[in-house]
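Examination of the molecular architecture
Listed here are the chains, written in short residue letters.
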Amino acid sequence: MQVRFWGVRGSIPAPGPKTVRYGGNTPCVELTCGGETFIIDAGTGIRELGFDLMKRAAGKPISGRLFIGHSHWDHIQGFPFFTPLFLPATKFQIYGMHGTTRSFQEVMAGQMHSTYFPVQMHELPSNPEFIELGGPLEAGPVKVSYHFLNHPGITVGYRFEYEGKVVSYISDHEPYGKLNVKGQFSEKEDALIVRFIAGSDLLICEAQYTADEYKLKRGWGHGTFEDVLDLAEAAEVKRMALFHHDPLHDDDKLDARLKEGALLITSRKLAVDCFAAREGMVVEI
Ligand SMILES: [Zn+2]
Ligand SMILES: [Zn+2]
């Protein structure tokens, strides 16, 4: 399995000289397994991925599967700029959840309504197939499962399994136990998340806020480094990639947070390998 990060920024693109090292594009991760392409989320990072897929295909038809975790802007705003969808020979399946009041396809088409965008979904020459998730699935050589996260709106995390290797994606999640009064509900839900990511060779996870920021943004659906470290420890995760970086955190701030995180990992005597995802980074699993 190969993982490539095309967009690692949360909430809104944050381009500029202070974010060049980690990158300013919003979430998009490419997973290559058995020669097939899997994409998680369609933030602005998917635009460059589209160009790269076209280069690799060298004129041959492009195919793949795109999994959307949730429909907040930062996770879908690159979709209308994913150029392979404008080629008639492209075959893409797009997976996600039914919305609260609309189908998954209608949710995705909303941002391409003529009020917001010049080309509407039904005008895409490749006519992508939209599939609402209803359980785990075998997607080519990979088993894909999903689990609901604690985030405003309908949000899921993903788990990809291929030849004994596991990559999990938990972006946009606030621990239940932190938001709710400690009790049976929170403990049960937090334990289910741990079970969902158990044994991951790589956990792609958000740690958007510092502890001080969290106090001001409680209930916004994000967590802290300590939160994801708790998750990684309980689930015996081997490597964790910090992801969905806050737009207020520039390169120096992220370096500093990573150093603080490393100290915490050492003080807790944990073996997990933790790094901060950067745009363009490739990780072999
Ligand atoms: Zn987000
Ligand atoms: Zn979100």
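Sequence order as written defines the numbering, with residues in each chain counted from 1. As a convention, the first chain written is A and the first ligand written is 1, with the rest following in written order. Local features are withheld for residues below a pLDDT of 70 in this predicted model, meaning they are given only at 70 or higher, and side-chain atom pairs are given and counted only at 80 or more; totals for whole chains, interfaces and linings count all residues.

Notes on the pairing of strand E8 (residues 142-148)
Let me state the cut-off plainly: Between any two strands, at least two bridges found by DSSP are needed for them to pair. Secondary structure follows DSSP: runs of H or I at least 4 residues long count as helices, runs of E at least 2 residues long count as strands, and numbering of each begins at the N terminus.
Sheet topology note: the strand E7 (residues 137-139)/E8 ladder contains three bridges and is antiparallel. From the neighbouring strand, Leu137 faces E8, where its bridge partner is Val144. Between E7 and E8, which pair antiparallel and follow one another directly, the connecting turn spans two residues, one of which, Gly140, has a positive phi of 60°. Bridge count for E8 against strand E9 (residues 156-162) is six bridges, and the pairing is antiparallel. Directly across from Val144, in E9, lies its bridge partner Phe160.

As for the environment of Val29
As a reminder of what qualifies: Three exposure classes are used, all based on how many other C-beta atoms lie within 10 Å of a residue's own C-beta (placed from the backbone): buried at 20 or more, exposed at 12 or fewer, and partly exposed between those limits. Note that contacts rest on C-beta atoms placed from the backbone: two residues are in contact if these are within 7 Å.
Note on placement: Val29 falls in strand E2 (residues 28-33). Using a count of 28 C-beta atoms within 10 Å as the deciding quantity, one classes Val29 as buried. Taking the C-alpha atoms as reference points, Val29 and Arg4, 25 residues apart in sequence, are found 5.8 Å from one another. Discounting residues that sit within four places of it in the chain, Val29 has contacts with Val3, Phe5, Trp6, Ile40, Asp41, Tyr169 and Ile204.

Regarding the sheet that holds strand E13 (residues 273-276)
Note the following rule: Note on definitions: angles span 0 to 180 degrees between N-to-C directions of axes, and those axes are lines fitted to C-alpha atoms, for helices only across the stretch in contact.
Here seven strands make up an open sheet; going across it, the order is E7-E8-E9-E10-E11-E12-E13 and the pairing mixed. Two strands lie at the open edges of the sheet, namely E7 and E13, each paired on one side alone. Averaged over all adjacent pairs, the angle separating strand axes in this sheet is 20°, with direction ignored. Bridge count between E9 and strand E10 (residues 165-170): five bridges; the pairing is antiparallel. From the neighbouring strand, Tyr162 faces E10, where its bridge partner is Lys165.

Observations concerning unusual backbone geometry
One non-glycine residue, Ala58, adopts positive backbone phi at about 45°. With respect to the element layout, Ala58 can be found in the loop between helix H1 (46-57) and strand E4 (63-67). Positive phi outside glycine occurs at Glu163, with the angle close to 45°. Among the secondary structure elements, Glu163 is positioned in the loop between E9 and E10.

A look at the pairing of E9
Taking burial as the measure, the seven residues of E9 include seven buried ones, the bulk of the element. Of the two faces of E9, the one holding Val156, Tyr158, Phe160 and Tyr162 and the one holding Gly157, Arg159 and Glu161 are both buried throughout. Connecting E9 to the antiparallel partner E10 that follows it, the hairpin turn spans two residues, and Glu163 within it adopts a positive phi of roughly 45°.

What to know about helix H5 (residues 184-197)
Rules: Expected span, for any helix, means 1.5 Å times one less than how many residues it has.
Between its first and last C-alpha, H5 extends 20 Å over 14 residues, near the 20 Å set by a 1.5 Å rise per residue. Along its buried surface, H5 packs onto E8, E9, E10, helix H4 (176-179), strand E11 (202-206) and helix H7 (225-234). Gly199 occupies a position one or two residues after H5 and carries a positive phi of about 70°.

Digging into the environment of Met121
As for its placement among the helices and strands, Met121 is situated in the loop between helix H3 (104-110) and strand E6 (129-132). Sequence-wise, Met121 and Leu264 are 143 residues apart; in three dimensions their C-alpha atoms are separated by 46 Å. When sequence neighbours within four positions are dropped, the list of residues in contact with Met121 reads Met108, Ala109 and Met112.

Re the sheet that holds strand E14 (residues 282-284)
Spatially, the seven strands line up as an open sheet ordered E6-E5-E4-E3-E2-E1-E14, and their pairing is mixed. Single-partner strands in this sheet number two, and they are E6 and E14. On average, adjacent strands in this sheet sit at an angle of 20° to one another, irrespective of strand direction. Here three bridges tie strand E1 (residues 2-7) to E14, and the two strands are oriented antiparallel to one another. When the sheet's bridge partners are listed, Gln2 is paired in E14 with Glu284.

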